[in-house]
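One-letter residues, chain by chain:
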Amino acid sequence: MSDETTTLLIFGASGDLTSRLLLPGLGTLLAVEPERKVRVVGAAREAISKQEWHDKVRTAMESAELPEERIEQLLTSAVYYQADVLQQEELDSVLADLEGPIVMYFALPPQISIKLSALLEKMDLPADTRLALEKPFGHDPESAAEFNAQLLRVVPESHIHRVDHFIGVATVLNLMGVRFANRLMEPIWNSEHIERVDINYDETLALEGRAGYYDGAGALKDMTQSHLLQIMAFFAMEAPARLTADEVQSLKAQVLRATSLWNEDPAVSSRRARYNAGTVDGKEIPDYSSEEGVDPSRETETLAEIVVGIDNARWKNVPFVLRSGKALGEVSKEIIVTFRAPRHLPLGLKDNNQPDRLILQLKPGAVTLELAINAQGDPFALEQKSLSAELGKARMLPYGEVLGGIMDGNALLSIRGDVAEECWRIVDPVLKAWSAGDVPLQEYPAGSDGPEGWGVIPD
Ligand code: NDP
């Protein structure tokens, strides 16, 4: 960690991300690392007084139980600029007094981020300026590549942090630990022993008033293209010699380059559905298409599933099923590894035909190993028994980890430009097949498990 004071310049300081996630995340970072020096600068068009900005920052720091003395210290340098950052003069006035190192956090609508980076491209920024960007990183492979090229004209790739708060440090390190830090898992982490891998992110939450964002995105873009493919890359990558950002980023890129839709056929390797009225946890949920701000003609899916394969020696012929959706009956945020049947069962033991499975729960972190073991009361029969362990809790909020990494120039949790493009390349045929109507939009009642027959691997 640097001794210097980092300026955290938040573009979009009046928005939801800033007050709900960024500032509280910063609070937890400073609680864990009290010696870290930060100056919090906000900018947006809304008229916010100095006092209101201080109140916003204070509320977040208090929620992280930062000592009063530390909060006061932070507030002495915390400033807010009322500015339309797409107006060159106003942008100049925001940047005029800032001292490096600077982290420019784009908590902005995507189209504004693109325009702002076009302005920054022509400016002379301090050499240690870093950019932090929120998804979406483009909307298809071409726009992602274009945006990447534009960002590279502002700062070098090592100073661009495409944020995926979903990949918190705890999740990533837990995956590394389970796989590489014991003698049991690593040798069987391949197609010889693993039959399939399911990465699920089912939520019970419905739209929750987020039509403005969600109806233009849908489950595939919101979750699969971004978060689930990242998790898959961490799961399936080759072993890093050391946990450095460069090494991990390259190994993730390698595995994603080898990834494509199962049988290269988007029409049979993807499914989409939208919830209609139902009940979740006793709460009435209206039909998605009748929610305020939803345009039903967009046919936005609230549940998506794709099957992909990784064409390399380790994973040849192992399907990876990535599924995520909203308003489902049960929360399921996990990776399920299904092992192949034993090569031979001693004659006389009765097969229970249940696969052994490793279940890695993402949030909260837990590991469960389900193994066939002799059954209770009948030693010739078999039944599945579970060995479970809870994993350590995260030491701070995901955005605390994200901000700490960016301020330290550590890109372990960032998404490298080529990785963002690969993720679009993988899902692009699905998006095209869906908009061509090649895959029907199914329906499921809110509070159900989704439509029947999903999770089946196409021949
Ligand atoms: P909001 O719409 O709540 O906030 C957008 C911010 O941008 C506002 O502060 C707005 O302020 C500011 N803004 C817009 N135009 C300008 C301009 N020309 N000059 C200066 N400021 C401008 O969006 P969110 O906070 O929800 O999201 C921001 C980004 O974070 C998006 O990319 C989103 O995808 C991403 N994200 C959001 C999450 C969330 O839970 N909210 C989660 C993960 C990612 P004003 O109108 O006052 O100028």
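Residues numbered from 1 in each chain as written. Predicted model: local features only at pLDDT ≥ 70, side-chain atom pairs only at ≥ 80, totals over all residues. Heavy atoms only, no water.

Engineer: Help me understand the site of the ligand, please; the structure alone is not making it clear to me.
Structural biologist: Surveying the vicinity of the ligand reveals 22 residues, the closest of which are Ser14, Asp16, Leu17, Arg20 and Arg45. One nitrogen or oxygen atom from the main chain of Gly12 is found 3.2 Å from an oxygen atom belonging to the ligand. With four residues, the top contributor of residues to the shell around the ligand is helix α1 (residues 16–32). Grouping the amino acids of the shell around the ligand by side-chain chemistry returns 12 nonpolar, three polar and seven charged. (Near = heavy atom within 4 Å. Polar contact = N/O pair within 3.5 Å; in protein donor to acceptor, adjacent residues only side chain to side chain. Helix = DSSP H or I, 4+ residues; strand = E, 2+ residues; numbered from the N terminus. Nonpolar A, V, L, I, M, F, W, Y, C, P; charged D, E, K, R; others polar.)

Engineer: Looking at this structure, how should I read empty space enclosed by the protein?
Structural biologist: It is a probe the size of a water molecule, rolled over the atoms, that shows where empty space is left. Summed over all chains, the structure comprises two cavities of 30 Å³ or more. Size it by volume and the largest cavity reaches roughly 70 Å³. Taken together, Lys135, Phe137, Gln225, Ser226, Gln230, Ile415, Ala420, Cys423 and Trp424 form the lining of the largest cavity. Where the lining of the largest cavity is concerned, the elements lending two or more residues are α9 (219–236) and α12 (417–435). Per-class residue counts for the lining of the largest cavity are five nonpolar, three polar and one charged. Empty space within the second largest cavity amounts to approximately 40 Å³. Contributing to the lining of the second largest cavity are Met1, Ser2, Glu4, Thr6, Arg36, Lys37, Met407 and Asp408. By residue class, the composition of the lining of the second largest cavity is two nonpolar, two polar and four charged. (1 Å grid on protein atoms, 1.4 Å probe; cavity = no way out; pocket = protein on both sides within 12 Å on 5 of 7 lines; lining within 4 Å. Points joined across faces, edges and corners; volume = space filled by probe spheres on them.)

Engineer: Sorry, what's going on with the packing of aromatic side chains here?
Structural biologist: Given two aromatic rings, their pairing is described by the distance between the two centres and the angle made by the two planes. Under the criterion given, the structure shown has 10 aromatic pairs. Centroid distance Tyr275 to Tyr288: 5.6 Å. Interplanar angle 80°. Geometry classified as edge-to-face. With a gap of 13 residues between them, Tyr275 in strand β9 (residues 270–276) and Tyr288 in the loop between β11 (283–285) and β12 (303–310) connect regions that are remote in the sequence. Of the two residues, Tyr275 and Tyr288, both sit in the buried class. Seen from their ring centres, Tyr275 and Tyr444 are 6.3 Å apart, and the 65° between their planes marks the pair as edge-to-face. Of this pair, Tyr275 sits in strand β9 while Tyr444 sits in strand β18 (residues 441–445), placing them 169 residues apart in sequence. For the pair Tyr275 and Tyr444, a shared accessibility class is recorded, and that class is buried. By way of ring pairs, the aromatic residues Trp189, Phe235, Trp315 and Phe320 are connected into one cluster. (Phe/Tyr/Trp six-rings, centres within 6.5 Å; stacked < 30°, edge-to-face > 60°. Buried < 20%, exposed > 50% of the residue type's maximum accessible area, 1.4 Å probe, protein only.)

Engineer: Looking at this structure, how should I read unusual backbone geometry?
Structural biologist: A cis amide bond, omega 5°, links Lys135 with the succeeding residue Pro136. Secondary-structure assignment places Pro136 in the loop between β5 (130–133) and α6 (141–152). The phi dihedral of Glu264 is positive, around 55°, even though this residue is not glycine. Tracing the backbone shows Glu264 in the loop between β8 (259–261) and β9. Since its relative accessible area comes to 61%, Glu264 is described here as exposed. The phi angle at Ala327 is positive, at roughly 55°, despite the residue not being glycine. Mapped onto the elements, Ala327 comes out in the loop between β13 (320–325) and β14 (332–339). According to the relative accessible area criterion, Ala327 is buried, its value standing at 0%.

Engineer: Quick question: what am I supposed to make of the domain arrangement of the protein here?
Structural biologist: Interface size, as often reported, equals the accessible area lost upon joining of the parts. What the domain assignment lists for the protein is domain 1 (6–134) and domain 2 (169–394 + 421–445). Relative placement of domain 1 and domain 2: their C-alpha centres are 35 Å apart. (Domains from an automatic or database assignment.)

Engineer: Looking at this structure, how should I read the pairing of β14?
Structural biologist: Consecutive side chains of a regular strand alternate in pointing toward one face of the sheet and then the other. Counting buried positions along β14 gives eight out of eight residues, so the element sits mostly inside the fold. The alternating pattern of β14 places Ser332, Glu334, Ile336 and Thr338 and Lys333, Ile335, Val337 and Phe339 on opposite faces, both of which are buried. Note that strand β7 (residues 194–202) and β14 share eight bridges and pair antiparallel. Paired with Arg196 across the bridge in β14 is Thr338. Bridging between β14 and strand β15 (residues 357–361) involves five bridges; their strand directions are antiparallel. (Pairing = 2+ DSSP bridges.)

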